[in-house]
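So the chains spell out like this:
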Amino acid sequence: MGSLFRSEEMSLCQLFLQSEAAYACVSELGELGLVQFRDLNPDVNAFQRKFVNEVRRCDEMERKLRYLEKEIKKDGIPMLDTGESPEAPQPREMIDLEATFEKLENELREVNQNAEALKRNYLELTELKHILRKTQVFFDEMADSHREEEQVNLLGEEGIRAGGAGAQGQNLKLGFVAGVILRERLPAFERMLWRACRGNVFLRQAMIEDPLEDPSTGDKVYKSVFIIFFQGDQLKTRVKKICEGFRATLYPCPEAPTDRREMAMGVMTRIEDLHTVLGQTQDHRHRVLVAAAKNLKNWFVKVRKIKAIYHTLNLFNLDVTQKCLIAECWVPLLDFETIQIALRRGTERSGSSVPPILNRMETFEDPPTYNRTNKFTHAFQALINAYGVASYREMNPAPYTIITFPFLFAVMFGDLGHGTIMALFGLWMVLKEKPLAAKKSDNEIWNIFFGGRYIIFLMGVFSMYTGFVYNDIFSKSLNVFGSAWSINYNTSTVMSNKALQLDPAGADYAQTPYPVGLDPVWQVAPLNKIIFQNAYKMKISIIFGVIHMLFGVFVGLFNHRYFKNKMAIYCEFIPQVIFLVFLFFYMTLLMFIKWVKYSASSKIVAYSAGCAPSILITFINMVLFKAPDENNGDCSPFMFAGQQGLQKFLVVVALLCVPWMLLAKPILIMRGRKEHQPIVPYSNENGDADGLNQHNNATGTQGAQQPPAQQQGGAGHGHDNEEMSEIFIHQGIHTIEYVLGSVSHTASYLRLWALSLAHAQLAEVLWNMVLQNGLKQDGWIGGIALWAVFAFWAVLTVGILVLMEGLSAFLHTLRLHWVEFQSKFYAGLGYAFQPFSFEVILESSSSSSED
């Protein structure tokens, strides 16, 4: 079987690299992405490894690049992304990169510090400008008639009289401070002043209409100007402490109007100069960031590649001469020559004269599982790996899932209209694949849809097919070939009598079946429709289920044959097939016999539709060895001669398969141990283990490597060191699981019938209760109503029937594959092949940086 149906053959190799060529060779292997390295220093601390200093230098370069990226995004500068991936630079180029990043960071930090200082000065001058403007209004108000009342409030009437009586009144002059405070702190600030100064201060405040920019954070803040009048040095000290506590900024404000005007003019001149300098500083910063944005993506790629290379080199060992690096790695056998070519190319790039050595090793470890995929098969393989990674060289269910998954989904979702919507959506994502992939959306739901675009497209196409077979499009029918039925009633009778039924035995039926799918007349026969489709879809669900499970059992045969496990073939596969065929496949044959042999228009009474025996009752009587009731006139409970004897034979043989599965394998193992000749489950046809080694040598694989790997992936497991009681218990669990699972799994496929009927009924409910109401209206009002009703119907159709019902059918299909199908042959106990690949590393790094 090809690698599509099994994982790639893997080999454990030992790699010897000269120290000077190791970096270039690992770089070439990272571009190739086909080698998984093993850590040869598991007990060595990460800080004690050979290349830890180089990794730290890369971390520091990444930090500087992230700082540049943050500043570039802050200014909204687009970063150039050509989509190309530059090669990993040579180690000597790290010094140039470090110098470039250091220069850019220092320059940008210096520019930012200067810009912050200039913005802080600009903010202070702007606040001072507003203070001079607002306080001028305050002082003008203090000069009017209210001045005396305010002095009375602050000093009292006795103080005013004392001040006016003698020269000491000059000492009673009011002092003041002016400043700026955040607007949200002003109410608390005012209350604190009143309480701390006991009402002996006078506060005036005015809002600054325009928001000011915080130089540290760049946020917009709203502030207010205030001026506080007081009397005495004690209150002055107290007021200043309160201002300091509320982080209010105080500014000098002259008392004389001429001094305030001169200061205001000077402030305006300095603001204009600062504005010019700030503009030049921002232009210089913008030019630095634009220049950095052109190369930032490439710099990130280079630094991450360098870091990944040194991380990988830390997994290597040094030989005793300290001149050679030794590595162990898993490689696919088909790519062995490609890897050697890449190693030679890396050696030539480094200028080394010593060629690398790649030797295959013998090992008893389980190799990783590597399934080659492309953009089409990747999504289906992801569905399988979500259940469990295949064991090494185990049969891969993904190729079969490409067909069976969308088909079983379509059986439940069969509707030509809904399938068209889904197929068009999937086709749009497939055609727009490159631009959509380049956007790299952060929306996880969209990424899931885009990743499964081929699955969605195939599910839509298959649903269109099954919808055409069901003759169902938005709960209506397509009359393509003309109906084979004719109704011998007038229109009023048909429209008024909902209890009318179609009689296939009468003259209404032309006795010629519809060419493809169902006759469109079933959609307008409500009583016949549910009865007919109920029986029809129930039977095809069982038929598909039994065939699907039987196919899974036969796929398991290829596992037994590949791993040369003859014991599993004779003790497990054969009784499993007999049990499934003699019981459940026989039941499906009865369905076909009933469809072919019995008809409504049969002239022989025994073969008419009324005499057709029930498949379910027949199967129950067969399993219980119960004789059917033959007292039914001319109707026979059997479909063919000798049916009762055949059924007894089938049930007896099927029941004998249960002890066969339960005891045969443990007894053979026990006999082999008694004869001191262990049963080797990986022997050739003659039963000796040498045939395996000859086979492995002929195919180019190491003989000692294959048996444990195959033991992990095959259906048969080695039992040399296992107690006989454990073997019997294990085999008993396996037998019970298969026997009971065959019954429950067959019943589980009835979800195909149930969800198909539910989907059709929901579509019919939406049509009858929503869209039909808009079609009944006449005139221009009916046109407007139809527009609104159609919009509502379309939203419900897409939201409920396509999205929610589609998700439900998807999950049920997934369960049928994981439990009912894969349990027949798939263990899923392996671990994935994770090669050293720059592509994977860069994708994970970019996604983590975006998060």
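Bear in mind that the values here come from a model prediction, so they are computed numbers and not experimental data.

Peer 1: Before we go on, may I ask you to explain the overall build of the chain in this structure?
Peer 2: Within the chain, the secondary structure is distributed over 26 helices and eleven strands. Within the chain, buried positions represent 44% of all 851 residues. Of all intrachain contacts in the chain linking residues separated by at least 6 positions in sequence, the fraction that spans at least 24 positions is 82%.

Peer 1: What exactly am I supposed to notice about the pairing of strand E3 (residues 175-182) here?
Peer 2: Counting buried residues in E3 gives seven out of eight residues, a clear majority hidden from the surface. As paired elements, E3 and strand E7 (residues 223-230) share eight bridges and run antiparallel to each other. Bridge pairing links Leu182 to Lys223 in E7. Where E3 meets strand E8 (residues 249-251), three bridges bridge the pair, whose relative direction is antiparallel.

Peer 1: Just checking my understanding: could you explain the packing of helix H17 (residues 526-562) against helix H18 (residues 566-597) for this structure?
Peer 2: To characterise two packed helices, one gives the angle between the axes of the helices and the distance between these axes. At their nearest, the axes of H17 and H18 sit 10 Å apart, and the two run at 160° to each other. By the angle between their directions, the pair H17 and H18 is classed as roughly antiparallel. Here H17 runs over H18; the crossing is left-handed. Taken together, the residues that form the contact of H17 with H18 break down as 21 nonpolar, three polar and three charged.

Peer 1: Sorry, what's going on with the state of the cysteines here?
Peer 2: Each disulfide consists of a covalent bond between the sulfur atoms of two cysteine residues. One pass over the structure, following the stated rule, counts one disulfide. The thiol of Cys243 is unpaired, and the distance to the nearest cysteine sulfur, on Cys197, comes to 9.3 Å. Free of any disulfide, Cys329 has its nearest cysteine sulfur in Cys13, 5.4 Å distant. Judged by relative accessible area, Cys329 falls into the buried class, the value being 2%.

Peer 1: Please clarify how the pattern of salt bridges should be interpreted in this entry.
Peer 2: Opposite charge on two side chains lets them pair, provided their charged atoms get close. Taken as a whole, this structure holds 30 salt bridges when the rule is applied. In this structure, the salt-bridge partner of Asp39 is Arg49, at a minimum N-O distance of 3.1 Å. Within this pair, whereas Asp39 is found in the loop between strand E2 (36-37) and helix H2 (52-74), its partner Arg49 is found in the loop between E2 and H2, the two being separated by ten residues in sequence. In this structure, Arg63 and Glu105 form a salt bridge, with 3.0 Å as the shortest nitrogen-oxygen distance.

Peer 1: Please clarify how helix H23 (residues 724-748) should be interpreted in this entry.
Peer 2: For H23, with 25 residues, the first-to-last C-alpha span of 34 Å sits near the 36 Å given by 1.5 Å per residue. Along its length, H23 reaches its greatest deviation from straightness, about 35°, at Gly741. Of all the positions in H23, only Met724, Ile727, Gln731, Gly732, Thr735, Tyr738, Val739, Gly741, Ser742, His745, Thr746 and Ser748 are classed as buried. Structurally, H23 contributes buried residues whose contacts are with H17, H18, helix H20 (643-674), helix H24 (751-775) and helix H25 (779-821).

Peer 1: Sorry, what's going on with the packing of aromatic side chains here?
Peer 2: Any two aromatic rings considered together are summarised by their centre-to-centre distance and by the angle between their planes. Summed over all chains, the structure comprises 42 aromatic pairs. When the centroid spacing of 5.6 Å and the interplanar angle of 75° are considered together, the rings of Phe481 and Tyr514 count as edge-to-face. Remark: Tyr514 occurs in the loop between helix H16 (491-496) and H17 and Phe481 occurs in the loop between helix H15 (453-470) and H16; sequence separation between them is 33 residues. Ring plane angle 0° and centroid distance 5.9 Å describe the contact between Phe551 and Phe821, whose orientation is recorded as stacked. Highlighted residues: Phe551 in helix H17 and Phe821 in helix H25, separated in sequence by 270 residues. Looking at Phe551, the relative accessible area reads 33%, which means it is partly exposed. Each residue in the set Phe5, Tyr387, Tyr400, Phe551, Trp818, Phe821, Phe825 and Tyr826 is aromatic and connected to the rest through ring pairs, giving one cluster. For the cation-ring pair, Lys50 lies above Phe51, with the distance from its terminal atom to the ring centre recorded as 5.6 Å. The lysine or arginine in question, Arg453, covers the ring of Phe450, its NZ or CZ lying 4.3 Å from the ring centre.

Peer 1: It is not clear to me how the sheet that holds strand E4 (residues 202-207) should be interpreted in this structure. Could you clarify?
Peer 2: Pairing between the strands of a sheet comes from backbone hydrogen bonds, and it takes one of two forms, parallel or antiparallel. Strand order in the open sheet made by the four strands is E4-E7-E3-E8, with antiparallel pairing throughout. In this open sheet, the two edge strands, each paired with only one partner strand, are E4 and E8. In this sheet, adjacent strand axes meet at a mean angle of 25° when their direction is disregarded. Helix H6 (residues 186-196) contacts E3, E4 and E7 of the sheet and is inclined by roughly 10° relative to E7. Strands in contact with helix H7 (residues 233-245) are E3, E7 and E8; relative to E7, the strand with the most contacts, it is inclined by about 165°.

Peer 1: Please explain the nonpolar core as it appears in this structure.
Peer 2: A general feature of soluble globular proteins is that nonpolar side chains tend to end up buried together. Among the nonpolar cores identified, the biggest contains 70 residues, and Phe579, Leu583 and Phe584 are the most heavily contacted of them. The greatest single-element share of this core, amounting to twelve residues, is contributed by H18. Not counting the four nearest positions on each side in its chain, Phe579 is found in contact with Phe584, Ala654, Cys657, Val658, Tyr738, Val739 and Ser742. Of all hydrophobic cores here, the second largest spans 59 residues; its members include Leu12, Cys58, Trp299 and Leu343.

Peer 1: I would appreciate a short explanation of the environment of Ala438 in the present structure.
Peer 2: For Ala438, the position within the fold is in helix H13 (residues 433-439). With a relative accessible area of 58%, Ala438 lands in the exposed category. With 357 residues separating them in the primary sequence, Ala438 and Asp81 have C-alpha atoms 9.9 Å apart.

Peer 1: What should I look at first to understand the pairing of strand E10 (residues 324-332) in this one?
Peer 2: In the case of a regular strand, side chains alternate between the two sheet surfaces. Burial of E10 is extensive: nine of the nine residues sit out of reach of the surface. Going residue by residue along E10, you find Cys324, Ile326, Glu328, Trp330 and Pro332 tucked away on one face and Leu325, Ala327, Cys329 and Val331 tucked away on the opposite face as well. Of the strand pairs in this sheet, strand E1 (residues 10-18) and E10 are connected by nine bridges, and their pairing is antiparallel. Bridging from a neighbouring strand, Leu15 pairs with Ala327 of E10. Relative to E10, E2 is paired through two bridges, and the arrangement is antiparallel. Note that in E10 the partner of Gln36 across the bridge is Trp330. As paired elements, strand E9 (residues 317-318) and E10 share two bridges and run antiparallel to each other.

Peer 1: So what exactly am I meant to see when it comes to the packing of H17 against H23 here?
Peer 2: Taken N-terminus to C-terminus, the directions of H17 and H23 make an angle of 145°; their axes are 10 Å apart at the nearest point. For the pair H17 and H23, contact is made by Ile542, Val546, Met549 and Val553 and by Tyr738, Ser742, His745 and Thr746, respectively. Counted by class, the contact of H17 with H23 contains five nonpolar, three polar and no charged residues.

Peer 1: Any chance you could explain a nonpolar patch on the surface here in plain terms?
Peer 2: On the surface, a nonpolar cluster with roughly 850 Å² of combined accessible area is contributed by Ile421, Phe425, Trp428, Ile445, Phe449, Leu762, Val798, Ile800, Leu803 and Met804. Taken together, the elements giving at least two residues each to the nonpolar patch come down to helix H12 (416-431), helix H14 (444-451) and H25. Among the elements that line the nonpolar patch, the one with the most residues is H25, at four residues. Secondary-structure assignment places Phe449 in helix H14.

Peer 1: Explain the environment of Lys294 to me, please; I cannot follow it from the model alone.
Peer 2: Among the secondary structure elements, Lys294 is positioned in helix H8 (residues 257-313). Residue class for Lys294 comes out exposed when judged on its relative accessible area of 52%. For the pair Lys294 and Met79, spaced 215 residues apart in sequence, the C-alpha separation works out to 6.1 Å.

Conventions and cut-offs
Residues numbered from 1 in each chain as written. Predicted model: local features only at pLDDT ≥ 70, side-chain atom pairs only at ≥ 80, totals over all residues. Heavy atoms only, no water. Helix = DSSP H or I, 4+ residues; strand = E, 2+ residues; numbered from the N terminus. Buried < 20%, exposed > 50% of the residue type's maximum accessible area, 1.4 Å probe, protein only. Contact = heavy atoms within 4.5 Å. Pairing = 2+ DSSP bridges. Axes fitted to C-alpha atoms, helices over the stretch in contact; angles between N-to-C directions. Parallel < 35°, antiparallel > 145°, perpendicular 65-115°, else oblique. Left-handed = near helix turned anticlockwise from the far one by under 90°. Nonpolar A, V, L, I, M, F, W, Y, C, P; charged D, E, K, R; others polar. Disulfide = S-S within 2.5 Å. Salt bridge = Lys/Arg side-chain N within 4 Å of Asp/Glu carboxyl O. Expected span 1.5 Å × (residues − 1). Bend = angle between axes of the 7 residues up to and from the residue. Phe/Tyr/Trp six-rings, centres within 6.5 Å; stacked < 30°, edge-to-face > 60°. Lys NZ or Arg CZ within 6 Å of the ring centre and 35° of its normal. Core = buried A, V, L, I, M, F, W, Y, C linked by side-chain atoms within 4.5 Å. Patch = residues over 30% accessible without salt bridge, like charges linked within 9 Å, V, L, I, M, F, W, Y side chains within 5 Å. Areas by Shrake-Rupley, 256 points an atom, 1.4 Å probe, with all protein chains shown as cover.

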